[in-house]
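Architecture at a glance
Each chain, written out:
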Amino acid sequence: MRCALIGDPAQHSLSPAIHREGYRGSGLSWTYDAITVAPEDVETFLSDCLADETWAGLSVTAPHKESIMAFGEPDHVSRLVGAGNTIVFHDRTTANPPTVHNTDVPGFVRAWRAKELGVPRTAAIIGNGATARSLLVALAGLHVAHVAILARDPARASNAQKLGIALGIDTTVQPLGFNLAPLDLVANTIPADATQPHAQSWADAAAWIFDAVYDPWPTPLAAAATDDHVVLSGLDLLAGQAVDQFHLLTGKAITFADAHAAALAELSRRRNERDHPTLMEE
């Protein structure tokens, strides 16, 4: 059977390392690749997959998390967020359509609990895209009471604010430069370069820090952290979401620890290759 991650770009993803490790541990002779698919080619690519019974399903990353919703039956979490990151192709002999899932939401909760952290009551989410909305739903599950959404264009964050309010969270929208009062968590979902002017003030406001980026590391926000901070990275989220995603695609299990170790090993290998290209060639 075949699985893959699709995105534009996709080659940077560590998902192949995680899923291939899961295949080894489960005794599956499956393949998993990272495939760059342009937005205008997604429909054709999915049609080809559905016509080939060797495809079990796909992991989905930017910029396709919203558009993938149109190609299957979304689950409840995907509907809430308005975005999915997994599409499962069911037995072609049945009338069951593909199903779309969002494993980023339970993945963040799993990563949070793996750190044995307390209950966050107040948080700021930087950004208002699919990952930010997934975090908002995850934080609702962790019983957060107040969230400030900091957006480069606050006018475009109205849907995220409405989602937070619908989840029972006191949700406000502010510009990136807003002066945050002390809070439990700052969670960044925008590119690292855009955080540079504000990273120190965000870190100073929070006890816990999450940055969805994991390479290059440390990000400006992570670099602004002190020994008193607890810092989670995109690697934690990647491993957390892979647990449910792997089960959805294969029916088998992979642990958070094994997923995290596989991703970290591949990331370390790539960094070593970048830092010592001549040595790697030899």
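Observations concerning the pairing of strand E11 (residues 206-211)
- Counting buried residues in E11 gives 5 out of 6 residues, a clear majority hidden from the surface.
- In this sheet, E11 lies alongside strand E10 (residues 183-188) in parallel orientation, the contact comprising 5 bridges. Of the residues in E11, the one forming a bridge with Leu 183 is Ala 206.
- Pairing analysis gives 4 bridges linking E11 to strand E12 (residues 230-233), with the strands arranged parallel. By the bridge assignment for E12, Ile 209 is matched with Val 231.

A few points about helix H5 (residues 130-141)
- End to end, H5 covers 17 Å across 12 residues, agreeing with the expected 16 Å (1.5 Å per residue, within 8%).
- Most of H5 sits inside the fold, with 9 of its 12 residues counted as buried.
- A positive backbone phi angle near 70 degrees is found at His 143, which sits one or two residues after H5.

Digging into unusual backbone geometry
- Here Asp 8 and Pro 9 are connected by a cis peptide whose omega angle stands at 5 degrees.
- With respect to the helices and strands, the residue Pro 9 is situated in the loop between strand E1 (2-7) and helix H1 (15-26).
- In this structure, the amide linkage connecting Trp 217 to the following residue, Pro 218, adopts the cis form with an omega of 5 degrees.
- Looking at the element boundaries, Pro 218 is found in the loop between E11 and helix H9 (220-223).
- The backbone of Glu 116 shows a phi angle near 55 degrees, a positive value even though the residue is not glycine.
- Its location among the elements puts Glu 116 in the loop between helix H4 (104-114) and strand E7 (122-126).
- Even without glycine at this site, His 143 takes up a positive phi of about 70 degrees.
- Relative to the assigned elements, His 143 resides in the loop between H5 and strand E8 (146-151).

Rules used throughout
Counting restarts for each chain, with residues numbered from 1 along the sequence as it is written. Where totals are concerned, whole chains, interfaces and linings use all residues; where local detail is concerned, this predicted model gives features only for residues with pLDDT of at least 70, and gives and counts side-chain atom pairs only at 80 or more. Only hydrogens and water are set aside; all other atoms, that is, all heavy atoms of the structure, feed into the side-chain values. Whether a residue is buried, partly exposed or exposed follows from its accessible area with a 1.4 Å probe, protein chains only, as a fraction of its type maximum: under 20%, in between, or over 50%, in that order. By definition, any uninterrupted DSSP run of H or I lasting at least four residues is a helix, any uninterrupted run of E lasting at least two residues is a strand, and each is numbered from the N terminus. In this analysis, strands are considered paired if DSSP registers two or more bridges between them. Each helix should span, by expectation, one fewer than its residue count multiplied by 1.5 Å.

Interpretation in functional terms is not warranted from these geometric data alone.
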